[in-house]
Amino acid sequence: MSSTRTITIPHLGRVEGHGGIFVKVVGETVHEVNMDIHEGSRYYEALLVGKHFLEVQGIITRVCAICSANHTVATLTALEKALGISETERVHKLRGLLLLGAAVESHALHVFALALPDYLGFDSVMAMAVDYPEEVTFALRLKQLGNRVQELVGGRPVHPINTLVGGFGKLPSHRALEALRAELVQALDPLMRFVDLAAEIEVPRWAAQPTVYMALRPITEGYRFRGESICTSLGEEFPAEAYGNVVREFTVEHSHAKHAALASGDTYMVGALARLKLWGGRLEGRALEAFELLFPDGVADNILLNNWAQLVEIVLGLERGAELCDELLAMPEAQHEMAEYEVRAGRGVGAVEAPRGTLFHEYELDGEGLVVSANVITPTAQNLANTERDLRLAAENLLIEEPRRDDTELRLNLEMVARAYDPCISCSVHVVRGDS
Amino acid sequence: MIPTLVVGFGNPLMGDDGVGAAVVTKLALISHQLPAAVGEAPSGLRLSTLADVLYLSSVWRGEARVWMVDAVVCGAAPGAVHRLGHEEVLENPQRHATVHHLSLAEGLRWIVHSCPAMAGVRFRLWGVEAESVDPVEALSPVVARAAETVAREIADRSRHPVRSPG
């Protein structure tokens, strides 16, 4: 009779503990790999129905602390489309700067505090501080710099309040933009030292397999986080408004969170690696330099490389952020910018590239500006099915390589795969765990 | 009066996870103030709510003490209040809150390491055992009562600042 072995990773689950990663191995065969997470956004969508459109941003951004800027821009884009409001050039640039700040903040936390310790053989960022004290200090400063970008544009470092339907309540002064630009530029050289460090690390290949990628086509010729159409690595392209037909959500027995696949049935990956796969050729300057150092043979199908893709995007965030400051400084200084509009019934879709991948918001408003329906599809929900697929392959490869591999090592390796997706699992919940 | 920042962690839209924010709101009411993202209470406490410990340095304004309130899951009865002093907070072994977030203790250790100005801050945590963190815009009754207790305890403690350094 074959022996049965189960491996569970409860940290991935909700605080109640029903969930996480569950792997069942019978004999030498991986029988089951399940990942069950809580998809919090459904609750928020129901909360929004009947609310005035001006309340939407303040509620929906509570879906996430780290991605609140991305939810904000997606919300405002969708609402402005529903109301027929056109974004001015300055508003577009400022929202772009906000998204870059969010990317720097989120990626800095993920790459340096959550992923890099795994690759350097430490069990936490603070264990890493013993050998890399300056790097650990710089990593937090980088995250705080991302916060400062969001604070300057959005009015506070998280859950922006200065971002409004039609524009901004208050525009950053030229003096503040000059100071921010200087900080962004100053951080580039120390960051490139991290790129050199990462380029020397050998990335395991036990989760590598052919993958379909999806990302928005950038709105301009550059590498951007906003777009009007959805592209896949299969060569398909669809308008963002058709997201409901592109992202086919389905339920699975073991999870109360929906999974997603394309119409072809392929599961897919969204996030930094997908963006690099599709649009890496558009990078310039130091970001291109980082891309070529970390991906000398182009973007390979290996989810563990998503960490390095995020590192490239941090470089992009600093570099493009400084460029955007220059472009904003070239405009006449003003106190505020707000489009005039009339409330009307309508429907709009807003799509942005969040740190973890493509994020969709859709709202339908009635003639009074009240929300009739709301729909949010987060990147993590789209990545779930692909995460399970990569976890299964990783478990199989790791057990083929070493059938007696102990649970602790296997758990760590599987956690690295899940972590590489940078999943935003229980970001609505924040509790301390401990022994009573 | 020792300058003290009180931070309530958590999300008020997620049931008992919102206990930190609830305590801050109660402290503001005790001080006859409207709740605000960051407000000055007459007792000398500065109040803030945060979703993540790594934003702490964004709201810290040089206070010698940072008192925190957060939901806790460690197997005690719902509503039980865990009182952790400076060393106990920093030495909590939990690394990650999720794959996506550092734990409160790990985040604080990172801040103390990387922000020399905050190295001398004394931390204290009131952890309230959660009953449920489902998406509900209210605390469970037992946690609501605990929030009341913690708010009064913090207000009392702020009036007797010499009792302990932390």
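All values derive from a computational prediction rather than experimental measurement. (Residues numbered from 1 in each chain as written. Chains lettered and ligands numbered in written order. Predicted model: local features only at pLDDT ≥ 70, side-chain atom pairs only at ≥ 80, totals over all residues. Heavy atoms only, no water.)

**Considering the overall build of chain B**
- Across its full length, chain B holds 5 helices and 6 strands.
- Starting at the N terminus and walking to the C terminus, you meet the elements of chain B as β-α-β-β-α-β-β-α-α-β-α.
- Per-residue burial over chain B gives 60% buried out of 166 residues.
- About 6100 Å² of surface is accessible on chain B, with carbon and sulfur atoms providing 59% of the total. (Helix = DSSP H or I, 4+ residues; strand = E, 2+ residues; numbered from the N terminus. Buried < 20%, exposed > 50% of the residue type's maximum accessible area, 1.4 Å probe, protein only. Areas by Shrake-Rupley, 256 points an atom, 1.4 Å probe, with all protein chains shown as cover.)

**Regarding the side chain of A:Q144**
- By the element assignment, A:Q144 lies in helix α6 (residues 133–154).
- Excluding residues that lie within four positions of it along the chain, A:Q144 makes contacts with B:S57 and B:C115. (Contact = heavy atoms within 4.5 Å.)

**A word on helix α4 (residues 104–114) of chain B**
- Burial runs high along α4(B): 8 of the 11 residues are buried.
- Taken residue by residue, α4(B) has B:L104, B:A105, B:E106, B:G107, B:L108, B:W110, B:I111 and B:S114 as its buried positions.

**Some remarks on the nonpolar core**
- Within the largest apolar cluster, 163 residues are counted, with the highest numbers of intra-cluster contacts made by A:F112, A:L142, A:L191, A:F295, B:L56 and B:W110.
- Per-element accounting of this core gives the leading share, 18 residues, to helix α4 (residues 89–120) of chain A.
- Core analysis: the next-biggest nonpolar cluster, separate from the first, contains 23 residues, B:V6, B:W67, B:A130 and B:V143 among them. (Core = buried A, V, L, I, M, F, W, Y, C linked by side-chain atoms within 4.5 Å.)

**Concerning the pattern of salt bridges**
All names here are of chain A.
- Tallying each qualifying case throughout the model produces 32 salt bridges over all chains.
- Across the pair R95 and E80 runs a salt bridge, and its minimum N-O distance is 2.7 Å. Here R95 is found in helix α4, whereas its partner E80 is found in helix α3 (residues 68–83), with 15 residues between them in sequence. Side by side, R95 and E80 carry an identical accessibility label, which is buried. (Salt bridge = Lys/Arg side-chain N within 4 Å of Asp/Glu carboxyl O.)

**Overview of the sheet that holds strand β8 (residues 237–239) of chain A**
Residue and element names in this part refer to chain A.
- The 4 strands lie next to each other as β8-β7-β6-β11, forming an open sheet whose pairing is mixed. Two strands in the sheet have a free side with no partner beyond their single neighbour: β8 and β11 (268–269).
- The pairing of strand β6 (residues 212–218) with strand β7 (residues 227–232) spans 5 bridges and is antiparallel. From the neighbouring strand, M214 faces β7, where its bridge partner is T232. (Pairing = 2+ DSSP bridges.)

**A short note on the sheet that holds strand β13 (residues 346–354) of chain A**
All names here are of chain A.
- Strand order in this open sheet of 3 strands is β13-β14-β15, and the pairing throughout is antiparallel. Where the open sheet ends on each side, the last strands, each with one partner, are β13 and β15 (371–377). Each strand axis lies, on average, 10 degrees off the axis of its neighbour in the sheet, ignoring direction.
- Bridging between β13 and strand β14 (residues 357–365) involves 9 bridges; their strand directions are antiparallel. The residue bridging V352 from the neighbouring strand is L359, located in β14.
- Sitting on the sheet, helix α2 (residues 53–60) touches β14 and β15, and the angle it makes with β14 is about 150 degrees. (Axes fitted to C-alpha atoms, helices over the stretch in contact; angles between N-to-C directions.)

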